[in-house]
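Spelled out, the chains give:
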Amino acid sequence: MTSPLVNAPRSRAAGAGAAKSIGGRARPNTPADDEAEAEDVELTLTLPLAERAGKLKEFVDTHPSSKARPRALELLISTQAGLGDEKLKEGDSKGGTEQLMLVISEAPATVSDKLFAGVISQIPSNLFLRGQRADAMEAARMIEAKFATDPRRLLALAGFYLGLEEGGEVTRIAAQAVKLEPNLAEAHRALGLGLHMSLRLDEAAAEYKRALELDPHSKGTRRSLADLDRGSGKTEAALALYREQLSAEPTDIAARAGIVLSLFDLGRLDEGNKELDAALQTEPRNLTLLTGAAYWLVAHGQSDRAFEFARNAVELEPRYTWAQIALARALTAQKNPIVAERAVRYAGRYGRFPTLDYELASVLASMGLYDEAAEVMQRSFVIRDGQIETRLAGRVPARAASFTELLAPERRASIFQSAGAGSADEAMALKALLTLIAVTTPASDNDKINEGLAVAAAKEFASGTDARRAYRQLYAANRLLQNGTGLPTVIELTEAARLSAEAALDVPAVTVAVQAEELREMRARSLAQDSTPDIPEVPRNVLSNVLRGRIEDLSGLALFNQDKTLEAVQHFQRAANILPEGTPLWRNALWHLGAALDQAGNKPEALNYYIKSFNAGEPEPLRRAVIEQLYRKLNGTLTGLDERIGANAGAMSTPALAEKSAAAATNPAPAQSNAIVEPTPSALPASAPAVMQSTPAVPEVKAPAEPSPTPDTTPTPSPTPSSSSSATTAESLVAQLSAEPLPTPKPTAIKVSGKVKDAKDNGIANVVVVLISPRGSVLASTTDADGHYSFTVAASSQGYRIIPSKDGFAFVPVDKVLGEFKEDQRAVDFVGEQKP
């Protein structure tokens, strides 16, 4: 039979809808009429969406009392949703969104569960997956308003927020569902998930327990409760729940992992190891077990065995952040922090939560890279009134007196372990570092440092009896010296470092630790290119000389700035004699010695040291200006100077510049300015010392072929394993992991901008431009398609150094140093040429 609805509508009495007219009187539809109308509605499914929508709308409008009308209305709603989806696929985001919003607004609150689950509840996810987050959230709010009295439909909406890891929204909506139907197990489980995601772990456990009481067969609830019990130290209760779960679902590999780790926590190691072997024999790809065992073992001093499990976990799923954290901890314990850094930086590609920043800072600090460690911590943490503050999982405000206490919820919520792998000494040192940076960083050039707080923080950071204490002592001393404060304490710290220097040469990555400042530029270049440099080992005797020479130079600077010039001369002379000749430190020590001799009145000898230092490196205008000023004072003319230091290429100095530079070289720094007497363009380290040879950056391992997952901001239970890596050892895998670029700090006051171009003034794209601040902070920017780059920095009375870099290109100049400036710096340009 040909459908009248598909082709030509049946004749109906005007306005009668589902009634027939007989002899001028209305009569109800017959069963045959109802059957025909139902058939008409179903046959619209054969029509294209647009035509189908028109026919169905016509039927709904003209048949208000038809038994087929509810079905027609549901088909109309799903058809309109299909039209909206088609528009979105065709790129008409506005039209598609409007169509889907219309579906929600016109759908009756009494739609069937099938239509709600299959169409309406899917609209927010549909919009979100197409990049329309704001519209998705609006759609979710509309659905919530329309179905606010139906707990099960609210739970479907909670599922949308759960997928977005919006724990607060999941909690809010699930709480509404619980209020509407207090004995609904699904509602309590959803509330538990929301609280779990919001790191309200004790409350989450209570909701899981209630859901289990209401429905002992609630899928996954028993294991979720066991996980949180284990994470909070209720290990016996957790073990019993895991066994019940495994009895109910023998294939639950996560529950089996929980049994193994619970036995470990209870000290039943033999039993736990038997369970471990059996579990891995049954399922070698149990990522939850591999990662959990690796972390537990490294937290309990078994780094070699932990390394094996972590290696297997990383090969199985390199994107799982906690597997990389466990691997980094094992590598650090095995005295391989350089490779550990790569593991944590690789994890940072797929996660963003405070524990990751803490783990990276821990590795960096173990190598003496305290400036870098502080910068990493400042991404997630602040110190206020002796408390550390952060946003756990990127969202949940939290504060505590220690890192151990502060970060425990992320670990408990993710891998359900009550004990962390870090030590209390490590956590205290990192808090002390964060405090030291905070109290020695003025908010502006006009702000003063509180000397009492700075000295107390420096002593706290430098305390301890471990082998790394010499590096902390020198860093704290240098931090005070840079701010011209606590100079007697600087002397105390350098004297203490002299006594602990020998032990400091036995730490892992000692080459990096001894030369942290000198390697900063090399590392900045590598990090800007998504890699970390390999640092070859330097002989112990050379490192010993570098370390001891640094101690003498810092002691001399502190004494010089206390007007103890003759004592300072002695320390500078020792530094110049100890340091390896040709290194930047040696050159600086010579310059400092010249400045001290100049201050002491021995100007001829001062000139000799100035010239020796100047000739040992790249010519610097400000240093030349100092030499010219002193040479003229001694000889009355500059005749003969060029023969000693080379011709003055370009207008490198002026009388005013010379006068200013000479004053900087011969006068102690004021109490609240940079105390380093060296009148260089900036307080930046020069290139790596001669004893250090740069090696190629570690090659990057490409991410998996499938689209990268959304960065993990909430530590959640283990992900589903993916195909294993082809690597056979963690060393070969992790040694290739590349690091994420340093983030650009928030803008402050002054904009520095320029263009990187070729000889024809065409912009060169994708050039990495590195800026190093007077205090050693590193920023990175990449040129756009027209070669432009920019930085926003604080106004400074010192200097910023800018370095362009791109594989296959050479740049003129190699770098630029900006001296004192208090307004925007434009046209800081470079010319690049492709290497043959």
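Anything mentioned here points back to the structure above.
Residues numbered from 1 in each chain as written. Predicted model: local features only at pLDDT ≥ 70, side-chain atom pairs only at ≥ 80, totals over all residues. Heavy atoms only, no water.

> How would you explain unusual backbone geometry if you had to name every residue and give the values?
That bond from Val 812 to Pro 813 is cis: its omega, -10°, falls within 30 degrees of zero. Along the chain, Pro 813 turns up in the loop between strand 11 (809-812) and strand 12 (816-818). Of note in this structure, Ala 393 is not a glycine but carries a positive phi near 60°. Topologically, Ala 393 is positioned in the loop between strand 4 (387-392) and strand 5 (396-400). With phi around 60°, Asn 766 is a residue other than glycine that occupies positive phi space. (Helix = DSSP H or I, 4+ residues; strand = E, 2+ residues; numbered from the N terminus.)

> Would you mind going over helix 13 (residues 235-248) in detail, with residue names and values included?
Between its first and last C-alpha atoms helix 13 spans 20 Å; for 14 residues at 1.5 Å apiece the expected length is 20 Å, and the two agree. What helix 13 keeps buried is the set Thr 235, Ala 238, Leu 239, Leu 241, Tyr 242, Gln 245 and Leu 246. Relative to the axis of helix 13, the buried residues are bounded by an arc of 165° and lie together on one face. Seen from the buried face of helix 13, the exposed residues on the opposite side, beyond 90 degrees, are Glu 236, Ser 247 and Ala 248. Buried residues along helix 13 sit against helix 11 (201-214), helix 12 (221-231) and helix 14 (253-265). (Expected span 1.5 Å × (residues − 1). Buried < 20%, exposed > 50% of the residue type's maximum accessible area, 1.4 Å probe, protein only. Arc of directions from axis to C-beta. Contact = heavy atoms within 4.5 Å.)

> Got a sec to walk through the pattern of salt bridges? Specific residues and values, please.
Scanning all chains against the criterion turns up 50 salt bridges. Residues Asp 357 and Arg 352 are paired through a salt bridge, measuring 3.8 Å at the closest nitrogen-oxygen approach. According to the relative accessible area criterion, Asp 357 is buried, its value standing at 3%. Here the salt bridges do not stand alone but share partners, grouping Glu 341, Arg 345, Glu 372 and Arg 523 into one network. (Salt bridge = Lys/Arg side-chain N within 4 Å of Asp/Glu carboxyl O.)

> Report on the nonpolar core, specifying residues and quantitative values.
Within the largest apolar cluster, 167 residues are counted, with the highest numbers of intra-cluster contacts made by Phe 381, Phe 403, Leu 433, Tyr 471, Leu 547 and Ile 627. It is helix 29 (residues 540-560) that contributes the most residues to this core, 10 residues altogether. Residue contacts for Phe 403: discarding those within four places in its chain leaves Tyr 358, Met 377, Phe 381, Ile 388, Ala 427, Leu 430, Lys 431 and Leu 434. Ranked by size, the runner-up nonpolar core spans 29 residues in total, among them Ile 104, Ala 107, Ala 139 and Ala 140. (Core = buried A, V, L, I, M, F, W, Y, C linked by side-chain atoms within 4.5 Å.)

> Tell me about a negative patch on the surface, and please be specific about residues and values.
A surface patch of negative charge is lined by Glu 86, Glu 90, Asp 92 and Glu 98. In this fold, Asp 92 is placed in the loop between helix 3 (69-89) and helix 4 (93-106). Given the relative accessible area of 35%, Asp 92 is considered partly exposed. (Patch = residues over 30% accessible without salt bridge, like charges linked within 9 Å, V, L, I, M, F, W, Y side chains within 5 Å. Areas by Shrake-Rupley, 256 points an atom, 1.4 Å probe, with all protein chains shown as cover. Lys, Arg positive; Asp, Glu negative; His and termini not counted. Charge placed at Lys NZ, Arg CZ, Asp CG, Glu CD.)

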